[in-house]
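# A closer look at the structure
Letter by letter, the chains look like this.
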Amino acid sequence: MSGTHRHTWQQHRVGHLNITVQLDSAAESTSLDRHKGQADVARQLITTMDAERLPTTWAVSDPAHSAATALIVKSAIDHELAVLGDTNWVGPTAGRTRFARELARRLAQARAAGLQVTTLMPCVANVESDMDLIVKLQITALVGLATSLIPRQTAGPQALHYGVWEVPLSASLPMKTSWFTNGKRTLSRRIERTVAEAGGFHLLIDAGAIAASKRHDAAVAKWLLRRIAILRDRGLLQVETMRATANRLSDVPSVSPQRSILRGAA
């Protein structure tokens with residue numbers, strides 16, 4: 001009986017965690033050395049996600065032409081590619097026309113290549129005013145702005161439009177706090193608290209920032225991902241891509257069986 005009770009508790013008391021990795025820089029340009037550093041970190045992260053079996057959303061400027069796309073697509077893990085919006089075409093200085101044209105082009109090329117791209121990560125500006133374009137282009141998930149990141153943020157996914165969800169960021173790597181004190185363990189405890197509360201947690205990993213850091217942030221990211229995988233293996237945490245989260249939240253259970261019973265009783 002105790003075993004049955006434990007199994008039931010795990011089914012209903014499970015946290016949900018999203019991992020978004022920003023592989024490209026949101027800046028307009030980067031140096032050759034930084035670009036190479038980002039590519040090296042990207043390969044390390046892809047290898048780690050595959051080893052730990054962690055479905056991940058990978059944000060790149062142009063999914064159809066990204067160097068990382070081939071590695072992500074051939075993975076046995078159900079990863080997701082997302083479009084990363086930068087200052088060139090997202091925000092008030094770019095304008096609505098450019099935003100619509102650039103997003104449509106990136107999505108059309110990705111989908112023509114057989115890539116299922118339904119997530120947008122706008123790094124530099126809020127895109128809610130362009131929700132009609134978002135819906136028209138079949139985007140179902142938006143990554144919350146990194147600039148709006150709030151320490152100990154617990155806000156869950158927000159429905160911006162029918163079928164379109166924004167998932168706020170809960171924490172990012174690398175953190176500004178020193179990893180050599182209690183930074184990584186504090187973040188680990190926050191994720192464990194999400195499990196205890198059956199809540200949601202969205203972790204952003206910035207490959208460019210890790211590459212530029214002089215600290216051991218790549219090793220710390222690997223340590224934290226192993227902790228996440230352990231919670232997942234214990235049945236306490238469900239790790240999913242942004243697309244999977246949007247699909248789950250939009251999947252409203254049918255109540256037709258109840259209505260049919262009432263009609264039969266009448």
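Residues numbered from 1 in each chain as written. Predicted model: local features only at pLDDT ≥ 70, side-chain atom pairs only at ≥ 80, totals over all residues. Heavy atoms only, no water.

What follows concerns the overall build of the protein chain. Secondary structure summary: the protein chain contains 10 helices and 10 strands in total. Relative to all contacts within the protein chain whose residues are 6 or more apart in sequence, the contacts with residues 24 or more apart total 71%. Accessible area for the protein chain stands at about 13,800 Å²; split by element, carbon and sulfur atoms hold 54% of it. (Helix = DSSP H or I, 4+ residues; strand = E, 2+ residues; numbered from the N terminus. Contact = heavy atoms within 4.5 Å. Areas by Shrake-Rupley, 256 points an atom, 1.4 Å probe, with all protein chains shown as cover.)

Note that Thr245 resides in helix α9 (residues 242–250). Apart from the residues lying within four places of it in its own chain, the contact partners of Thr245 are Asn18, Val167 and Glu240.

What follows is about unusual backbone geometry. In this chain, Leu173 is followed by Pro174 through a cis amide linkage whose omega measures 0°. Mapped onto the elements, Pro174 comes out in the loop between β8 (171–173) and α6 (183–196). Located in the positive-phi region is Arg53, a residue other than glycine, with phi close to 60°. On the accessibility criterion, Arg53 (46% relative accessible area) is partly exposed. For Gln138, which is not glycine, the phi dihedral falls at a positive 65°. Here Gln138 lies in the loop between α5 (131–136) and β5 (141–143). Judged by its relative accessible area of 55%, Gln138 is exposed. (Buried < 20%, exposed > 50% of the residue type's maximum accessible area, 1.4 Å probe, protein only.)

Membership of the largest hydrophobic core comes to 53 residues, with the highest contact counts inside it found for Ile19, Leu120, Ile134, Ile205 and Ile228. Dropping the residues within four chain positions of it, Ile228 is found in contact with Leu17, Ile19, Leu54, Ile191, Leu203, Leu237 and Val239. Core analysis: the next-biggest nonpolar cluster, separate from the first, contains 13 residues, Ala59, Ala82, Val167 and Met242 among them. (Core = buried A, V, L, I, M, F, W, Y, C linked by side-chain atoms within 4.5 Å.)

A separate point is the pattern of salt bridges. Inspection of every chain in the model, using the stated rule, returns 13 salt bridges. For Asp62, the salt bridge identified is with Arg105, shortest N-O distance 3.6 Å. Of the two residues, Asp62 sits in the loop between β2 (57–60) and α3 (69–73) while Arg105 sits in helix α4 (residues 96–112), which places them 43 residues apart along the sequence. Residues Arg243 and Glu80 are paired through a salt bridge, measuring 4.0 Å at the closest nitrogen-oxygen approach. One end of the pair, Arg243, is in helix α9; the other, Glu80, is in strand β3 (residues 80–85), with 163 residues separating them in the sequence. Within the structure, one salt-bridge network assembled from shared partners comprises Asp62, Glu102, Arg105 and Arg106. (Salt bridge = Lys/Arg side-chain N within 4 Å of Asp/Glu carboxyl O.)

Right, let's talk about the environment of Ile228 for a bit. As for its position among the elements, Ile228 is in helix α8 (residues 217–233). When the C-alpha atoms of Ile228 and Leu17 are compared, they prove to be 8.8 Å apart, with 211 residues separating the residues in sequence.

The N-to-C vectors of α6 and α8 enclose an angle of 20°; their axes lie 11 Å apart at closest approach. Comparing the axis directions of α6 and α8 gives the class roughly parallel. In this structure, α6 crosses over α8, and the sense of that crossing is right-handed. Seen from α6, the contacting residues are Lys184, Arg185, Leu187, Ser188, Ile191, Glu192 and Val195; seen from α8, they are Val220, Trp223, Leu224, Arg227, Ile228 and Leu231. (Axes fitted to C-alpha atoms, helices over the stretch in contact; angles between N-to-C directions. Parallel < 35°, antiparallel > 145°, perpendicular 65-115°, else oblique. Left-handed = near helix turned anticlockwise from the far one by under 90°.)

Across three bridges, strand β6 (residues 158–161) lies against strand β7 (residues 164–167) in antiparallel orientation. Looking across to β7, one finds that His161 is bridged to Val164. Once β6 ends, the chain turns through two residues before running back antiparallel as β7, passing Gly163 with a positive phi of about 85°. (Pairing = 2+ DSSP bridges.)

None of the figures reported here should be taken as evidence of function without further support.
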